[in-house]
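So you can see what is in the structure, the chains are spelled out below.
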Amino acid sequence: MDQGRDGSDGSGGDAFVVLRPAVPGRFVFASPHSGVIYPPDMGADPTLPEASLRSAEDALVDRLIAPGVDHGATVVLGRLGRAWVDLNRDPADLDPVLIEGAGEGPGSARTAAGYGVIPRMTGDGRALYDRRLTLDEARARIAGTHAPYHAALADRMRAARERHGEAMLIDWHSMPARAAQGSGGARGPDVVLGDRHGSSCSAGLTRRLRRAFEALGWRVALNQPYAGGWTTQTWGRPAEGFHAVQVELNRALYFDEAARAPGPGWPRTESGVARVISALLSVDPDRT
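If you're wondering where the values come from, they're calculated on a predicted model, not measured in any experiment.

Asker: Help me understand the layout of surface pockets, please; the structure alone is not making it clear to me.
Answerer: Computed from the structure, the largest pocket encloses a volume of approximately 580 Å³. Considering the residues around the largest pocket, the lining is formed by 32 residues, among which Arg82, Arg89, Tyr115, Pro176 and Tyr226 are closest to the centre. Secondary-structure elements contributing two or more residues to the lining of the largest pocket are strand E7 (167-175) and strand E10 (242-250). Among the elements that make up the lining of the largest pocket, the one with the highest residue count is E7 (3 residues). The space that makes up the second largest pocket amounts to roughly 290 Å³. Ser34, Gly35, Val36, Leu60 and Asp62 are, among the 19 residues lining the second largest pocket, the residues nearest its centre.

In structure tokens:
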């Protein structure tokens, strides 16, 4: 395995890391939300607890998907925390409540709720700032973090299609246990696969992922409550040879959200995700 690191956010930390296999295949794995670096000039509310600042992170997802490199997947990892810039949002989706000069209107529903490309709210529902950001601040973050990450992802997707005729993006995320709960507080799915309701990838890719997770005894939902974000929408163009599916892992499987540390289910989840990755990448998806 050849590990490559490139990209800079202009604030003292890398915007992304690329892990490159010795022989790249058609699969590209991405984890946009597992970054843990927060630049010192972020200027978040100084009274905000660290746990709240980091509450939207896809904790440890980067570690869970790293085995993909051993099976030929190129892995692209965001390095900066999601509260700094959300890499799974449209870069034009600026929040006028947070950003001075961002224009009129709330943009998307997510932005109106405080979760645009530069979030206004934490994952646990607190205000990130006790001030407004300038438009120049917002544009600098997007240019220094969002743009280089997606340029790197685009390079790897185009290279995979050039080599193999198609590129398969698996965009890996995690969801808080509360987001996956069913009615009455019942435990919800362990995994949600989002393929934009069948439009972002071949049906065979979704089936293959579903079978691999269900072989672990995990409950799998499709497109509810997550159908795939901006990255899946951008790269989900099967007619052009680009396939994309979003995977959401229930943190209850592996993570102690209160302690922000691996939970008792970590070993089982780590080995389970590794088995899914091996099953997915060991057989040509054209044979599904």
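Structure shown, so let's carry the discussion forward.
Asker: What's the story with the nonpolar core in this structure? I'm lost.
Answerer: The tendency in soluble globular proteins is for nonpolar side chains to be buried side by side. By size, the foremost hydrophobic cluster in this structure holds 38 residues, and its most contacted members are Phe27, Phe29, Ile170, Trp172, Leu209, Phe213 and Val247. The dominant element in this core, judged by the number of residues it contributes, is helix H7 (residues 266-282), at 6 residues. Those residues in contact with Ile170 that sit more than four places away from it in its chain are Phe27, Val28, Phe29, Ala30, Leu205, Leu209, Val245, Val247 and Leu280. Val28, Tyr38, Ile118 and Tyr129 belong to the second largest nonpolar core, which has 37 residues in total.

Asker: Any chance you could explain unusual backbone geometry here in plain terms?
Answerer: Peptide bonds are mostly trans, and most non-glycine residues show a negative phi. That bond from Gln224 to Pro225 is cis: its omega, 5°, falls within 30 degrees of zero. You can see Pro225 is positioned in the loop between strand E9 (220-222) and helix H6 (230-235). Of note, the phi angle at His197 is positive, near 60°, even though the residue is not glycine. Relative to the helices and strands, His197 resides in the loop between strand E8 (191-194) and helix H5 (203-214). By relative accessible area, which is 57% here, His197 ends up exposed. The phi dihedral of Asn223 falls on the positive side, at around 70°, and the residue is not glycine. Tracing the backbone through its elements, the reader meets Asn223 in the loop between E9 and H6.

Asker: Any chance you could explain the side chain of Ser174 here in plain terms?
Answerer: In this structure, Ser174 sits in strand E7. Polar contacts involving the side chain of Ser174 include one to the side chain of Asp58, which spans 3.1 Å. Side-chain polar atoms of Ser174 contact the side chain of Arg251, separated by 2.8 Å. Ignoring anything within four residues of it in the chain, the contact list for Ser174 reads Glu57, Asp58, Ala59, Val61, Glu248, Leu249, Arg251 and Tyr254.

Conventions used here
Residues numbered from 1 in each chain as written. Predicted model: local features only at pLDDT ≥ 70, side-chain atom pairs only at ≥ 80, totals over all residues. Heavy atoms only, no water. 1 Å grid on protein atoms, 1.4 Å probe; cavity = no way out; pocket = protein on both sides within 12 Å on 5 of 7 lines; lining within 4 Å. Points joined across faces, edges and corners; volume = space filled by probe spheres on them. Helix = DSSP H or I, 4+ residues; strand = E, 2+ residues; numbered from the N terminus. Core = buried A, V, L, I, M, F, W, Y, C linked by side-chain atoms within 4.5 Å. Buried < 20%, exposed > 50% of the residue type's maximum accessible area, 1.4 Å probe, protein only. Contact = heavy atoms within 4.5 Å. Polar contact = N/O pair within 3.5 Å; in protein donor to acceptor, adjacent residues only side chain to side chain.

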